[in-house]
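Listed below, chain by chain, are the residues.
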Amino acid sequence: MKFNKTTLFGALLGFIMGIALTIIALLQYDKDLTNARDVLFSSLFIGLPFSVLIGLMIGWIWSKLFGKSLF
């Protein structure tokens, strides 16, 4: 997989979505079962990398289907 503009744009969107989902998770966790530190660390170390990888794959598929450059 080559990292062209479209693939990196997908990774950037995945990163932004990962940060947004981390904020949503921090606002909605169950305070009786866990704490904010555990939610933050699990979101940043598990959820964020998966969001970036999913964004990379979507950007790569987009570039294969519709061409190399998005902009």
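> Would you mind going over the overall build of the chain with me for this structure?
When you go through the chain residue by residue, the secondary structure sums to two helices and zero strands. The globule rule puts the C-alpha radius of gyration for 71 residues at 11 Å, and the 15 Å found for the chain is more than 25% above it. C-alpha extents for the chain along the principal axes are approximately 50 × 20 × 15 Å. Partitioning the intrachain contacts of the chain with sequence separation of at least 6 by distance along the chain shows that 72% fall at a separation of at least 24. Just so you have it, the chain exposes about 5300 Å², and 75% of that area is on carbon and sulfur atoms.

> I'm lost on the packing of helix 1 (residues 5–28) against helix 2 (residues 36–66) in this one. Help?
Any two packed helices are characterised by the angle at which their axes cross and by the distance between the axes. The interhelical angle for the contact between helix 1 and helix 2, taken along N-to-C directions, is 155°, at an axis separation of 7 Å. As summarised for this structure, helix 1 and helix 2 are arranged roughly antiparallel, according to the angle between their axes. Note that helix 1 runs across helix 2; the crossing there is right-handed. Class assignment of the residues belonging to the contact of helix 1 with helix 2 gives a composition of 14 nonpolar, 11 polar and no charged.

> Honestly, the packing of aromatic side chains in this entry has me stumped. Any pointers?
Each aromatic ring pair is summarised here by two numbers: the centre-to-centre distance and the angle between the ring planes. Throughout the structure, instances matching the rule amount to two aromatic pairs. Its guanidinium or amino end placed over the ring of Tyr-29, Lys-31 lies 5.0 Å from that ring's centre, counting from NZ or CZ.

> Would you explain helix 1 in this entry?
Structurally, the α-helix is built with 3.6 residues per turn, so residues lying three or four positions apart point the same way. Taking 1.5 Å as the rise per residue, helix 1 with 24 residues should run 34 Å; its terminal C-alpha atoms sit 34 Å apart, in good agreement. Here helix 1 has its buried residues at Thr-6, Thr-7, Gly-10, Ala-11, Gly-14, Gly-18 and Thr-22. Of the surrounding secondary structure, the elements contacted by the buried residues of helix 1 are helix 2.

> Would you explain helix 2 in this entry?
Its 31 residues place the ends of helix 2 41 Å apart at the C-alpha level, agreeing with the 45 Å of an ideal helix rising 1.5 Å per residue. The largest bend in helix 2 is about 35°, located at Ser-43. For helix 2, the complete set of buried residues consists of Val-39, Ser-43, Leu-48, Ser-51, Gly-55, Leu-56, Gly-59 and Ser-63. For helix 2, the secondary structure elements touched by its buried residues are helix 1.

What counts and what doesn't
Residues numbered from 1 in each chain as written. Predicted model: local features only at pLDDT ≥ 70, side-chain atom pairs only at ≥ 80, totals over all residues. Heavy atoms only, no water. Helix = DSSP H or I, 4+ residues; strand = E, 2+ residues; numbered from the N terminus. Rg over C-alpha atoms; globule rule 2.2 N^0.38 Å. Contact = heavy atoms within 4.5 Å. Areas by Shrake-Rupley, 256 points an atom, 1.4 Å probe, with all protein chains shown as cover. Axes fitted to C-alpha atoms, helices over the stretch in contact; angles between N-to-C directions. Parallel < 35°, antiparallel > 145°, perpendicular 65-115°, else oblique. Left-handed = near helix turned anticlockwise from the far one by under 90°. Nonpolar A, V, L, I, M, F, W, Y, C, P; charged D, E, K, R; others polar. Phe/Tyr/Trp six-rings, centres within 6.5 Å; stacked < 30°, edge-to-face > 60°. Lys NZ or Arg CZ within 6 Å of the ring centre and 35° of its normal. Expected span 1.5 Å × (residues − 1). Buried < 20%, exposed > 50% of the residue type's maximum accessible area, 1.4 Å probe, protein only. Bend = angle between axes of the 7 residues up to and from the residue.

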